[in-house]
Every structure is written in C-alpha cells, then in structure tokens.
Amino acid sequence: MSVEQKIDQMDSKIEILIDQVGRMTEGITEMRIAMREENAALRATMREENAALRATMKEENAALRATMKEGFDDLKATTERQAKNIEQLATVAAALAATTDRQSKILEQMLRQPKR
C-alpha cells in the first residue's frame, strides 16, 4: 500500500470519526433540549400541583376551623347550661336543708310533747 493510499485511508477514517462525533454531539444537544423541556414541564406541573395542594389545605383548614368553632360553641352552651343547673341545684339543696331543719325541729317538738 502506497503512502497516498494510507493517507486516503486515514482521511476516510478521520471523516468517519468526525461524522460520528458530529452525530454524538447532535444527540447530546437534542438530549439537553429534551431535558430542558422536561424540566420546564416538570416545574410547571409542580407549580400547579403545589397551588392545588395549597388551595385544598386552605379549604380543609377553613372547614376544620368551622368545625372546631361549632364544637367550642356547643361546649360553651353546655357549660353555661351546667352552671345554671348547678345554681338551681344549690338553691334546691338550700331549700331542702331548710325544710329538713324545720322538719327536724317539728319532730323534736312532737317528741317532747307528752303523749295523750
């Protein structure tokens, strides 16, 4: 093989290598573009999902607050009713004590009286 043939063969191999490097570079560039697009789409999806999640949490938080307020209002009403009932029980207990005291005095008087 002559020197010229060897040079032609090397030129041919170099062209093949250059072509392969070009295709590889093109593939890498396409991959980068695709990754950028995917990254942008992922970020947009994440923003949308994050906004939806925040809205859902806000609604659930409002519902929870409403439920808790209703529970506390019921508890307050029950406590106030119980306080009134306790006051009434105290009044009844005082009246019962007074009645028992009167009955005790009447019984003592009856026992002191001579039998007929």
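The structure we're discussing is the one just above.
To keep things clear, this report deals only with the structure shown in the data block. For clarity, every value in this text was computed on a predicted model and none was experimentally measured. (Residues numbered from 1 in each chain as written. Predicted model: local features only at pLDDT ≥ 70, side-chain atom pairs only at ≥ 80, totals over all residues. Heavy atoms only, no water.)

### Quick notes on the overall build of the protein
- Per the secondary structure count, the protein includes one helix and zero strands.
- Scaling as 2.2 N^0.38, a compact globule of 116 residues should have a C-alpha radius of gyration of about 13 Å, whereas the protein reaches 49 Å, well beyond that.
- Overall, the protein is about 165 × 25 × 15 Å in size when its C-alpha atoms are taken along their principal axes.
- Across the 116 residues that make up the protein, the buried fraction comes to 0%.
- One way to put it: in the protein the 19 positive side-chain charges average out to a point 22 Å from where the 20 negative ones average out. (Helix = DSSP H or I, 4+ residues; strand = E, 2+ residues; numbered from the N terminus. Rg over C-alpha atoms; globule rule 2.2 N^0.38 Å. Buried < 20%, exposed > 50% of the residue type's maximum accessible area, 1.4 Å probe, protein only. Lys, Arg positive; Asp, Glu negative; His and termini not counted. Charge placed at Lys NZ, Arg CZ, Asp CG, Glu CD.)

### Focus on the pattern of salt bridges
- One pass over the structure, following the stated rule, counts four salt bridges.
- Taking the shortest distance from any N to any O, the salt bridge between D101 and K105 comes out at 3.6 Å. Residue D101 and its partner K105 are both found in helix α1 (residues 3-112); the two are separated by four residues, about one turn of the helix. (Salt bridge = Lys/Arg side-chain N within 4 Å of Asp/Glu carboxyl O.)

### Some points on the environment of L111
- Among the structural elements, L111 can be located in helix α1.
- Through-space distance from the C-alpha of L111 to that of A44 is 97 Å; in sequence the pair is 67 residues apart.

### Some thoughts on the environment of E108
- Examined against the element boundaries, E108 turns out to sit in helix α1.
- In sequence terms E108 and T67 are 41 residues apart; their C-alpha atoms lie 60 Å from each other.

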